[in-house]
Structures are given as structure tokens and as C-alpha cells.
2 protein chains.
Amino acid sequence: MDKNLNENQAQGGENRTELEELGEFGLIDRLTESFSVHNPQSTLKGVGDDAAVLQMPQGQVQLVSKDLLMEGVHFDMTYCPLKHLGYKAIAVNLSDIAAMNAKPAQVLVGIAVSNRYSLEALEELYAGMRLCCDRYGVDLVGGDTVSSRAGLAISVTVIGYAEPQKVAYRGGAKENDLLCVSGNLGGAYAGLLLLEREKREFLANPKMQPDFQDFSYVLERQLKPEPRLDIVDLLAELNVVPTSMIDVSDGLASEILHLSKASDCGCMLYQSKIPVDAETCKALEMFKILPETAALSGGEDYELLFTVAQKDYEKIKDNAKIKIIGHMVEKAQGTFLVPENGSLIPLTAQGWQAFNKR
Amino acid sequence: MDKNLNENQAQGGENRTELEELGEFGLIDRLTESFSVHNPQSTLKGVGDDAAVLQMPQGQVQLVSKDLLMEGVHFDMTYCPLKHLGYKAIAVNLSDIAAMNAKPAQVLVGIAVSNRYSLEALEELYAGMRLCCDRYGVDLVGGDTVSSRAGLAISVTVIGYAEPQKVAYRGGAKENDLLCVSGNLGGAYAGLLLLEREKREFLANPKMQPDFQDFSYVLERQLKPEPRLDIVDLLAELNVVPTSMIDVSDGLASEILHLSKASDCGCMLYQSKIPVDAETCKALEMFKILPETAALSGGEDYELLFTVAQKDYEKIKDNAKIKIIGHMVEKAQGTFLVPENGSLIPLTAQGWQAFNKR
């Protein structure tokens, strides 16, 4: 990782064009002109009018979600490269559509920037957004670009589509359903710990070289997460409709509690089944944090957590992309982490308060 | 106007509940629970999952737009009551849908707040949003509530619907079309000047009493604008589809230039026809600002500016809600303000740079 990717990136390096030189409309044109249209059947009119004009694909319903990302709360310009930030801002929104078992088709992006940011810096941000849009076949159809007194705010609205009978809500899990996750957890949090350590050391000694050797995977989990849209396709291929679904943004514990509460169920999560990658374990060890703690409360892994009816067990049991980590029980039994010794530890959500306010 | 409606409102007065006490999900529940569903046919699932689920009305297209409002840039907590702010945040977005000659049905609201804001303060904000949603029959279907390091950011996405042949784009105006506006201009800017003067005086002498006598209309134009959805209904009744349309958010000059550019036309705007209300003129006089200057460059009036084909002249000519202020010409003729003496003054847009960065 390039240690020059720090606060100075907002300045845009050697070539700095002031935003005032372009004005609002010139800026929007400049930032959005290189995006291509992937979904001409639903995107009738994109950027450039008072509103985008969309057509819904025949027989489908529409999914709409939005996220607001604030500098200093959701990202830190000291270690988050603008291109990665743009990619991540789109990716985490696409993940919300994946979490409904649907496919995204359009995004709208609003940004608020102070004059600390140059045109070149914003072009980096949008280059990351475009990369993610192109990768997942999503159209940028609207934008709003305004001034902020300080810092950068990014607001993304994402729109997707699905056949109505395939939409997976949080509230559909039933007793005995299998609890599944699409990949390993805790990596994004391990990446964050590494980046924050480097930031402290960099602030103490700006000449230091970052020591990120052997940790490219967890850094990527933090800086450039991928929405698991491949899982939506996989489930369709396997002919499985999850009974409930959510994405792991706040940590496994918080998400399980959401599914349990919305579905009026309890849940047993088997500690030994929680997938944590070896590099993640190694990184966490340096910070004396247990792998299960990072998985349960770390957040930002953007894996899909879902429940599958027992009747579909045969369809998923041998699939390497789907890990069964527990099962739903009746509500009265409660929601627990079950360690190997068979004891029951009540699950509590520490996601938001503990981590998102950093 | 109550002079206590100042910065202290963020504190929530005597009853102050800290946001930390509720957590993110408790907060969203609390803020959104009292909103009702007005459009059950298109709003299948609102707040409470990873995404809202919508159904498009048969035979219609969808319009989507978003706006980002930043404290200190778009609003000033010194004089903008939170309830009015909530109302205005929704209203200006509904105006974007009106500007497509369409009707809004859903909004999603993201807010970023610092811990300076109490639950009670946010409830005031959402009470204003609810008032506007109820007035215009719009459903709140999604939300995101995050922390900010400083200040308040409000991000609104609005969704509306229209029959495809009735959608009015910016780019449809033709030579000889009549240029029309739905109401008087410059009032919102006059209101802003008054509020800023009171702020300066209040900061110099916090015991002063605001002198807003006789200016309730222009204050309301600034603090609580209404989207002109009645004009969308009126045009439907009159069986008129505007050839182009935009809402006056940045000032008449800027909007005329948008329509002209998008439509590949020129435009003649007759200065004597620009409607400015008498109270607006009186307020502007105190600041030695010409009415036409406020109308052309003030912005935030949220009236609809549209063009109508000559063949529809008879349908609109006697309607008190529609004022004909000019006509489109061929592009080569250019875009001009025409004073009574018949001279031609080139129209220039000073909207964004001059005002939105206040």
C-alpha cells in the first residue's frame, strides 16, 4: 500500500483544478460523463434532468435502499484511498440489494464536498464508483453535488429488481431453518485495526513505512469489500429461495438478532462453525482479539447471512460458498452462541455503538 | 416568528434524550413509526428491511431524484426551525418530481447527526417531514441514520410516477413555444435576506426582538416552500403537456438557460412579465435590490417554469395560476432578458456560485 495515499489525496496531487472553476453543473457533467448504461430496458433517462426516468422490468418488484457515508465516521481520509472509497460506497449499497436476494440496476449518488477537495480528487472517487458500477452492471442515473462546510459526505441510493416470490425479507425464518453465511468473517475488522495502528504510527512519525506485509487480504476486506451478488445467482441456480436474509454490515451478532427478532424466532449459532480466515486470525492475534469476537461484533464484512428451509438442505450442503453455522429455534428458547463445550452464551449486539462511532 | 427558534433547538429544550440511549435501530423505529402509508398499491414494504419493496403502477414510468442538504450551506440552524427544515427537505424533493410533470409517491430519508442533537430535536425534524408527506400523500419507505462529526446532513431520495407520454423533460422546448411560470419569484430570496439581517443583529445583541412585521409571506417562501403539484394536476385537467419543464431552485435565469441549452433553443424573457409579489418588492427595497435581480438570481422559489406549444395557448391564457413570461426562439438568436425599452440583455446564470455557497 502506497503511504502517499493519505490526507493529501484530497488536494489532487500536482494537478489541482478548483471546483469553483466548473460550477455545479459542469462538475456533475465532468464526473458522470464516462459512466455507461448497462440496463437500457429499465434506465430510460439518467443524469441530466430533474429526475431519472425508470421502467420496471415486467413482472418484477423494485428494491430501493440508501446509505449515507460521512468523513471521519465511516471513512478516514488518512488511510482510505479515494478510489477505494468510491468503490466501497457503491459496493455496500449493492450489498443491501443482494441482501433482499435481488440484483441491482441503478444508483444515484449525492456528494457534499468542501473546497479542500480538487476536481482531480473527485475524479478519483468517481473512478472507483465507475469501476464498481461496471463490474456489477449498474447504471449511475442521478446525482447531486453540493458544498459542505467541512469534509466529505457521500449519499448513495440503490435500486434493484427481483421476481416478487424470490425477495428475501428479514422476517421469514422459521423454526429449524438452517442459518448460513456466504464467507468468512472478521477480516474487515482486522483490516481496520491494522490501518488504525498505522495511522497512529504515521501521526507519531510521518517518515515511517507502513508494515502491511502478509495482510493484503484483510486490508482489501476493509477497503474494497465486494457485494455477494454471486450468491444471489448461485441461490437461483440451486433453486433455493432463502426464508430470510440480511448482509453482515454491523457484525454477525447484530445481524442474527435482526433476523431472529423480525422472524419471531430464536437462534443457535455454533461457535466452531463461524468461518474466520487464517490471515484474519493472524492479524487479530497481534491485537489480542479473539476471532469470534471480530466475527460477532466487527462488522463491514458484507457477507450474506440467510436462512434456508430444511427441505433445501441437500441443495446447499456441499456448496463451498455456503457455510451452515447454526439453526433457528422457537422464540422462547432465545438466541445463543454455543461454544464447543455446549454451554449457552446469550448473543448481544455491540455493532453500532461500539464501532460505527469511531 | 419565535426568536427562541435558534441554535438551542438542536438541544431539544427541557426534555433531552441522548441519541446513544436508543441506538441506531431504536432511533429509526422511533422517528418513522408515526408515518402512514398513502400508496399501498406501490409501497409493498417500507422501513425495516435492507431495502424498501415497490411496485410500479401499471403503464407508468418511475421518476427518481435525490438532494443532499448540509447544515451551514443549505440551512442555518440560527433561524431555520427544525420542523420547517424537515418540511422543506421533503418539499424541495417533491418539487423535482413536479418538475417532470409527475406525482411523487415515496421518499427515503438519510440523516447524519452529531451528538449535539437530541432525540426531541430529531422528532421535530421528522414531524415537519411527516407534515409534508401527509399533505402530498407520500410514503416514507426507507431511512439511514448515522453519526456525523459536526452538524446535520439530510439526504432525501424521492420517487414518483407518470404516464410516459406526460413526462416533461428539460430538452423538449421548440421555437415559438410559450415560456410560463406558475407563480411569483424572488420571495424566497427576500425572506433569506431578512433572516440573515436578523441573524447579524441577534449575534450583535442577543436580546433584540426580531422585526418581521409585514413579512410573513416572504419568510414562508424561504422557510416553508410548497412543491407545485397543483400545477401538475391543473395541466392534466387542461389537457396540456408542457414541452419542457424545470423547477426554479437556482433562480429564473439559471433555469431558463437549462431549458434553452437542453432544448437547443434560444429564449426571450420579457422583464415586465416577471411576476414579483408586492411584499417581496417592499422587502427587497430595504436591501436596495431590484425585484428582477431577485427573481433572476435569487432562487429557492420552487415555482415551475415550463414551455407550452402555441396550439395550447387558448387552454392556458386565462388561467390565473399560469403566467406567460416569454417565448422560445431559434438557438442562433440567443437567450435574452428584454426590458420595456426593447433592448436585449444576455441572460447569465449566477445561481449556484453566488448563493448556494453562503
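For the structure itself, look to the data block above.
Calculation rules
Residues numbered from 1 in each chain as written. Chains lettered and ligands numbered in written order. Predicted model: local features only at pLDDT ≥ 70, side-chain atom pairs only at ≥ 80, totals over all residues. Heavy atoms only, no water. Axes fitted to C-alpha atoms, helices over the stretch in contact; angles between N-to-C directions. Helix = DSSP H or I, 4+ residues; strand = E, 2+ residues; numbered from the N terminus. Parallel < 35°, antiparallel > 145°, perpendicular 65-115°, else oblique. Left-handed = near helix turned anticlockwise from the far one by under 90°. Contact = heavy atoms within 4.5 Å. Nonpolar A, V, L, I, M, F, W, Y, C, P; charged D, E, K, R; others polar. Pairing = 2+ DSSP bridges. Phe/Tyr/Trp six-rings, centres within 6.5 Å; stacked < 30°, edge-to-face > 60°. Buried < 20%, exposed > 50% of the residue type's maximum accessible area, 1.4 Å probe, protein only. Lys NZ or Arg CZ within 6 Å of the ring centre and 35° of its normal. Core = buried A, V, L, I, M, F, W, Y, C linked by side-chain atoms within 4.5 Å. Buried area = accessible area lost by both parts, 1.4 Å probe. Salt bridge = Lys/Arg side-chain N within 4 Å of Asp/Glu carboxyl O. Polar contact = N/O pair within 3.5 Å; in protein donor to acceptor, adjacent residues only side chain to side chain. Least-squares fit on C-alpha atoms with pLDDT ≥ 70 in both.

S.K.: Would you take a moment to explain the packing of helix 4 (residues 187-204) of chain A against helix 8 (residues 278-286) of chain A for this structure?
M.R.: Residue and element names in this part refer to chain A. Across the interface, helix 4 lies against helix 8 with an axial gap of 9 Å and an inter-helix angle of 40°. The angle between helix 4 and helix 8 falls in the class oblique. In the crossing of helix 4 with helix 8, the sense of the turn from one axis to the other is left-handed. Of the residues in helix 8, those touching helix 4 at Gly187, Tyr189, Ala190, Leu193, Leu194 and Arg197 are Thr280, Ala283, Leu284 and Met286. Of the residues contributing to the contact of helix 4 with helix 8, the split by class is seven nonpolar, two polar and one charged.

S.K.: Before we go on, may I ask you to explain the sheet that holds strand 11 (residues 323-330) of chain A in this structure?
M.R.: Two strands in a sheet stick together by hydrogen bonds in their backbones, pointing the same way (parallel) or opposite ways (antiparallel). All names here are of chain A. Strand order in the open sheet formed by seven strands is 8-10-7-11-9-12-13, with mixed pairing between adjacent strands. Each edge of the sheet is formed by a strand with only one pairing partner; in this case those strands are strand 8 (244-247) and strand 13 (345-346). Direction of pairing for strand 9 (residues 265-270) relative to strand 11: antiparallel, over a ladder of five bridges. Counterpart to Cys267 in the pairing with strand 11 is Met328.

S.K.: When you look at the packing of aromatic side chains in this model, what are you seeing that I'm missing?
M.R.: In this structure the tally under the stated criterion is two aromatic pairs over all chains. Look at A:Phe35 and A:Tyr126: their rings are 6.4 Å apart centre to centre, the planes differ by 85°, and that puts the pair in the edge-to-face class. In this pair, A:Phe35 sits in the loop between helix 1 (23-32) and strand 1 (43-45) while A:Tyr126 sits in helix 3 (residues 119-136), placing the two residues 91 residues apart along the sequence. Like A:Phe35, the residue A:Tyr126 is buried in the burial classification. Of note, B:Arg130 hangs over the ring of B:Phe35, and the distance from its end group to the ring centre comes to 5.9 Å. Directly above the aromatic system of B:Tyr87 lies the positively charged group of B:Lys224, at a separation of 4.3 Å from the ring centroid.

S.K.: Looking at this structure, how should I read the nonpolar core?
M.R.: Taken as a class, soluble globular proteins show a tendency for nonpolar side chains to be buried jointly. Core analysis: the biggest nonpolar cluster contains 78 residues, and B:Ile111 and B:Ile154 have the highest contact counts within it. Other than its neighbours up to four places away in sequence, B:Ile154 contacts B:Asp67, B:Leu68, B:Leu69, B:Phe75, B:Leu85, B:Ala89, B:Gly110, B:Ile111, B:Leu125 and B:Met129. Grouped together as the second largest cluster of nonpolar side chains are 77 residues, A:Val107, A:Leu140, A:Val240 and A:Ile316 included.

S.K.: Got a minute to help me understand the interface of chain B and chain A in this structure?
M.R.: It is common to report an interface's size as the accessible area lost on association of the parts. Listed as interface residues are 63 residues of chain B and, on the opposing side, 63 residues of chain A. Between chain B and chain A, roughly 5,200 Å² of surface is buried when both sides are summed, and carbon and sulfur atoms account for 57% of that area. There are four salt bridges connecting chain B and chain A. For the pair chain B and chain A, the interface holds 21 residue pairs in polar contact (both at pLDDT 80 or more). Among the elements that take part in the side of chain B that touches chain A, strand 3 (residues 61-70) of chain B stands out by supplying nine residues, more than any other. Where strand 3 (residues 61-70) of chain A meets strand 2 (residues 52-54) of chain B, three bridges bridge the pair, whose relative direction is antiparallel. Bridge pairing in strand 2 of chain B places A:Gln62 opposite B:Leu54.

S.K.: Got a minute to help me understand the relation of the copies chain B and chain A in this structure?
M.R.: Put simply, the two copies of the chain differ by a rotation about an axis and a shift along that axis. At an RMSD of 0.0 Å, chain B and chain A line up after a rotation of 180° and a shift of 0.0 Å along the axis. Expressed as a symmetry operation, the mapping of one chain copy onto the other fits a two-fold axis. Of the residues that chain B buries at the interface, 100% are likewise interface residues in chain A, meaning the two copies contact each other through the same surface.

S.K.: Would you mind showing me how to read unusual backbone geometry here?
M.R.: A negative phi angle is the norm for most residues apart from glycine, just as the trans form is the norm for most peptide bonds. Of note in the backbone geometry, A:Asn176 takes a positive phi value of approximately 80° without being a glycine. Residue position: A:Asn176 is located in the loop between strand 6 (153-162) and strand 7 (178-181). The phi dihedral of B:Lys288 falls on the positive side, at around 55°, and the residue is not glycine. Tracing the backbone through its elements, the reader meets B:Lys288 in the loop between helix 8 (278-286) and helix 9 (291-297). Here B:Lys288 falls in the exposed class, since its relative accessible area comes to 77%.

S.K.: Looking at this model, I keep getting lost on the pairing of strand 10 (residues 304-308) of chain A. Mind explaining?
M.R.: Side chains on a regular strand alternate between the two faces of the sheet. All names here are of chain A. Most of strand 10 is tucked away: five of the five residues are buried. As defined by bridge partners, strand 7 adjoins strand 10 across four bridges and the pair is classed as antiparallel. Note on strand 10: the bridge partner recorded for Leu178 is Val308. Judged from the four bridges that link them, strand 8 and strand 10 form a sheet pairing that is antiparallel. From the neighbouring strand, Met245 faces strand 10, where its bridge partner is Phe306.

S.K.: What exactly am I supposed to notice about the pairing of strand 4 (residues 103-113) of chain A here?
M.R.: All names here are of chain A. The buried fraction of strand 4 amounts to ten of the eleven residues, a majority that puts the element mostly inside the structure. Two strands pair when backbone bridges link them, and strand 4 and strand 6 are joined in this way by nine bridges, in the antiparallel orientation. Opposite Gln106, over in strand 6, you have Ile159 as the bridge partner. Pairing of strand 4 with strand 5 (residues 139-147) involves eight bridges; the strand directions are parallel.

S.K.: Please clarify how the side chain of B:Thr43 should be interpreted in this entry.
M.R.: Residues and elements named next belong to chain B. The topology assignment puts Thr43 in strand 1 (residues 43-45). By relative accessible area, Thr43 is classed as buried at 9%. At 2.8 Å, the side chain of Thr43 and the side chain of Gln106 are in polar contact. Setting aside residues up to four positions removed in sequence, Thr43 forms contacts with Val37, Val53, Leu54, Gln106, Asp139 and Val141.

S.K.: I'm lost on the environment of A:Gly46 in this one. Help?
M.R.: Residue and element names in this part refer to chain A. The residue Gly46 is located in the loop between strand 1 and strand 2 (52-54) in this model. Placed 61 residues apart in sequence, Gly46 and Val107 show a C-alpha to C-alpha distance of 9.9 Å. Setting aside anything within four residues of it in sequence, one finds Gly46 in contact with Ala52 and Val141.

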